[in-house]
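What follows is each chain in one-letter form.
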Amino acid sequence: CHFAQRTGRTEYAGKRRREMIINYLHKIGWFVGLVLLQVLILNNVHIAGYATPFLYIYLILKFESAVPRNALMLWAFFLGLAVDILSDTPGMNAAATVLLAFLRPTFLRLFVPRDTLDTLVPAIRTMGISPFLKYLVASVLVHHGMLLTLEFFSFAHIGALLLRIVTSTLLTVACIMAVEGIRKK
């Protein structure tokens, strides 16, 4: 009886370990895919000279709510650093993405009912359209505000900066909602 009980625990631990490995491989695949998409295609998209989608932050937004803030910030740093290295931008994406990762738990607490917060993967189907959209817009706006302020590094042209933040936020939110619509099926 004792051996069977121990064997059951071992099988459960092995299954759990396999699930974690598959989860990390899945995240690494998204990491590589989103960085390449951002650097090779999306960085060259400038609608009306202002709006640029920054879809790579989708990875940080989709982490499970139970992921510790420090781990999320580490993922965010390396995600932003990869985009910075491949885009030749000196740490701007890393700084903005780490800020997003730092504030993400706060945004989740603001827009998600407390009883579902423990095991939540942010999505339209898990949160509902309105809370997800609020979470998404707040997160993207903070990220873009930080990133584009660092890029401009001046408030001399505040109108152009604000226009760029708003248009890029709208474009990024639209792209993320499109990805969510495709992934939902």
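Here the structure is shown first, and the text comes after it.
Calculation notes
Chains are numbered independently. Their residues run from 1 in the order of the written sequence. Selection of residues for local features in this predicted model requires a pLDDT of at least 70, selection of side-chain atom pairs for listing and counting requires 80 or more, and totals for whole chains, interfaces and linings are taken over all residues. Where side-chain values are given, they derive from all heavy atoms of the structure, hydrogens and water being excluded. The aromatic pairing rule takes the rings of Phe, Tyr and Trp, using the six-membered ring of Trp, and pairs them if the centres are within 6.5 Å, calling planes under 30 degrees apart stacked, those over 60 edge-to-face and the rest tilted. The numbering of helices and of strands both runs from the N terminus, where a helix is a DSSP run of H or I of at least 4 residues and a strand a run of E of at least 2. Per-residue accessibility, obtained with a 1.4 Å probe over protein chains only, is compared with the maximum for each type, and a residue is labelled buried under 20%, exposed over 50%, and partly exposed between these values. Helix span, as expected, comes to 1.5 Å for every residue beyond the first.

1. As for the packing of aromatic side chains
Next, step 1: Taken as a whole and assessed by the stated rule, the structure comprises six aromatic pairs.
Next, step 2: Aromatic side chains Phe-31 and Trp-75 sit 6.3 Å apart centroid to centroid with 65° between the ring planes, which places their arrangement in the edge-to-face category. One end of the pair, Phe-31, is in helix 1 (residues 2-40); the other, Trp-75, is in helix 3 (residues 69-87), with 44 residues separating them in the sequence.
Next, step 3: When its relative accessible area of 16% is taken as the criterion, Phe-31 is described as buried.
Next, step 4: According to the relative accessible area criterion, Trp-75 is buried, its value standing at 17%.
Next, step 5: When the ring of Phe-77 is compared with that of Phe-78, the centres are 5.3 Å apart and the planes differ by 70°; the resulting orientation is edge-to-face.

2. Quick look at unusual backbone geometry
Next, step 1: Despite not being glycine, Ala-48 has its phi angle at roughly 55°, a positive value.
Next, step 2: Mapped onto the secondary structure, Ala-48 falls in the loop between helix 1 and helix 2 (58-61).
Next, step 3: The backbone of Asp-88 sits at a positive phi, close to 60°, despite the residue not being glycine.
Next, step 4: Along the chain, the position of Asp-88 falls in the loop between helix 3 and helix 4 (92-111).

3. A word on helix 3
Next, step 1: Relative to the 27 Å expected for 19 residues at 1.5 Å per residue, helix 3 spans 26 Å between its end C-alpha atoms, a close match to the ideal helical length.
Next, step 2: All of the buried residues along helix 3 are Leu-72, Trp-75, Ala-76, Leu-79, Gly-80, Ala-82, Val-83 and Asp-84.
Next, step 3: Asp-88, located one to two residues past helix 3, shows a positive phi value of around 60°.

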